[in-house]
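Spelled out, the chains give:
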Amino acid sequence: MVGLEHMEPREARPVSVGPRRGGGDSRIASLRTLAQRLARRKLPLLGLLILLVVVATAIFAPNLAPYSPTKQDLIARLLPPGSHSQIGLHLLGTDALGRDILSRLIFGSRVSIVVGFSSVLVGALLGTSMGLVAGYIGGLWEDLIMRLVDLQLVFPFVVLALVVVALLGPNLTNLIIVFALTSWPIYARPVRAEVLSLKERDFVVAARAIGSSHPAILLRHILPNTLAQVIVIASFQVAQMVLLESAMSFLGFGVQPPTPTWGNMLADGRTYIPIAGWVTIFPGLAIMITAAGINFLGDGLRDILDPKAEF
């Protein structure tokens, strides 16, 4: 029987792709396997395509938008889709102030993408760090962190976000901060549970036996085994943050005019639904398609990263 001192710690990965051939080759093989699994599923592939289109639209908005998103033309107000004005064709029509809806949709994607990805990134980093500390160190730190999680989860997510934004003021930076600070418990709890089951595994015990430091054990052996779960949670959280940002902007607590967002476009057009439905239909469709695409991708990632899944 081999003694513990002869055991080599292994770095487990969320998805097993066969024998390891070295760090770089192994990572390339992992990415190749994930891409192959994703290519076999139509809805996740569609979701990835939608997300890439929205991200590309946000990045190249100044080049794609036919007109300025804030330029007003009261003579051309509430023109239906396909109409012409003095400045040219309006494919999706104009709003109550004569602003081109297509241009506002394109620039509005920037706010949704920035808020969605930035808040999820910060929330995931904070929640994962808290979960790692709570699960690995335990004791007083675990009790303190988990009581904070329980306390925050008592309050409804949207209500808590509304209260904090009302106190700090509605702008892009405050939205990202609020969404990140109100979403970190969603990551902390499952990460802690995963760490509790991992820290007594053989490869972690072996790492301790050969003198690895606690930070090295956390970063090299435990964290990689929690990333699959974090990635899946984060993918669904991006869709939720896009919806929440639109809801906050619709209520007047999001990014303020004249900056276009899909939420404030809905709010501006609700009065004109009976006579100019296109003012609200197109931003509503943009929100729905983006959220659906991210959810499709999240479903696919959940299945792909599940080690028990059959392919």
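Residues numbered from 1 in each chain as written. Predicted model: local features only at pLDDT ≥ 70, side-chain atom pairs only at ≥ 80, totals over all residues. Heavy atoms only, no water.

A few words now on the packing of aromatic side chains. Two aromatic rings, taken as a pair, are described by how far apart their centres are and by the angle between their planes. What the rule picks out here adds up to zero aromatic pairs. Sitting over the face of the ring of Phe250, Arg270 holds its NZ or CZ atom 5.0 Å from the ring centroid. (Phe/Tyr/Trp six-rings, centres within 6.5 Å; stacked < 30°, edge-to-face > 60°. Lys NZ or Arg CZ within 6 Å of the ring centre and 35° of its normal.)

Looking now at the nonpolar core. By size, the foremost hydrophobic cluster in this structure holds 37 residues, and its most contacted members are Leu132, Phe179, Tyr187, Ile222 and Met248. Counting only elements with at least two residues in this core, the list comes to helix 4 (101–137), helix 6 (157–168), helix 7 (172–198), helix 8 (202–209), helix 9 (214–251) and helix 11 (278–304). For this core, the leading source of residues is helix 9, giving 13 residues. If sequence neighbours within four positions are ignored, Phe179 has contacts with Val115, Ser119, Phe157, Ala161, Met241, Leu244, Glu245 and Met248. (Core = buried A, V, L, I, M, F, W, Y, C linked by side-chain atoms within 4.5 Å. Buried < 20%, exposed > 50% of the residue type's maximum accessible area, 1.4 Å probe, protein only. Helix = DSSP H or I, 4+ residues; strand = E, 2+ residues; numbered from the N terminus. Contact = heavy atoms within 4.5 Å.)

Here we come to the pattern of salt bridges. Enumeration according to the criterion identifies seven salt bridges in this entry. A salt bridge links Asp95 to Arg104, with the nearest nitrogen and oxygen atoms 3.8 Å apart. Per residue, the accessibility class of Asp95 equals that of Arg104, and both read buried. (Salt bridge = Lys/Arg side-chain N within 4 Å of Asp/Glu carboxyl O.)

Overall, the prediction assigns the protein chain a mean pLDDT of 85, with 87% of residues at 70 or greater. Confidence, expressed as mean pLDDT per element, reaches its minimum in the protein chain at helix 1 (residues 23–39) with 62 and its maximum at helix 3 (residues 61–64) with 95. Note that residues 1–24 has pLDDT below 50 and, in this model, 39 contacts with residues that lie over four places away or in other chains. (pLDDT = per-residue confidence, 0-100.)

Our focus in this paragraph is unusual backbone geometry. For the bond running from Pro257 to Pro258, omega is 10 degrees, close enough to zero to count as cis. Positionally, Pro258 belongs in the loop between helix 9 and helix 10 (262–269). Positive phi values are uncommon outside glycine, yet Leu78 reaches one of about 55 degrees. Among the structural elements, Leu78 can be located in the loop between helix 3 and strand 1 (83–84). Of the residues examined, Leu78 reaches a relative accessible area of 17% and is grouped as buried.

This brings us to helix 8. Three or more residues of helix 8 are buried, namely Phe203, Val204, Ala206 and Ala207. On an axial view of helix 8, the arc spanned by its buried residues comes to 160 degrees, and they lie on one face. Tucked into the core, helix 8 has its buried residues touching helix 7 and helix 9. Positioned one or two residues after helix 8, Gly211 has a phi angle of 95 degrees, which is positive. (Arc of directions from axis to C-beta.)

Now for the packing of helix 4 against helix 7. Two elements in contact, helix 4 and helix 7, have axes whose closest approach is 5 Å; the angle formed by their N-to-C orientations is 35 degrees. Judged by the twist between their axes, the crossing of helix 4 over helix 7 is right-handed. Tallied by class, residues from the contact of helix 4 with helix 7 come to 22 nonpolar, eight polar and one charged. (Axes fitted to C-alpha atoms, helices over the stretch in contact; angles between N-to-C directions. Left-handed = near helix turned anticlockwise from the far one by under 90°. Nonpolar A, V, L, I, M, F, W, Y, C, P; charged D, E, K, R; others polar.)

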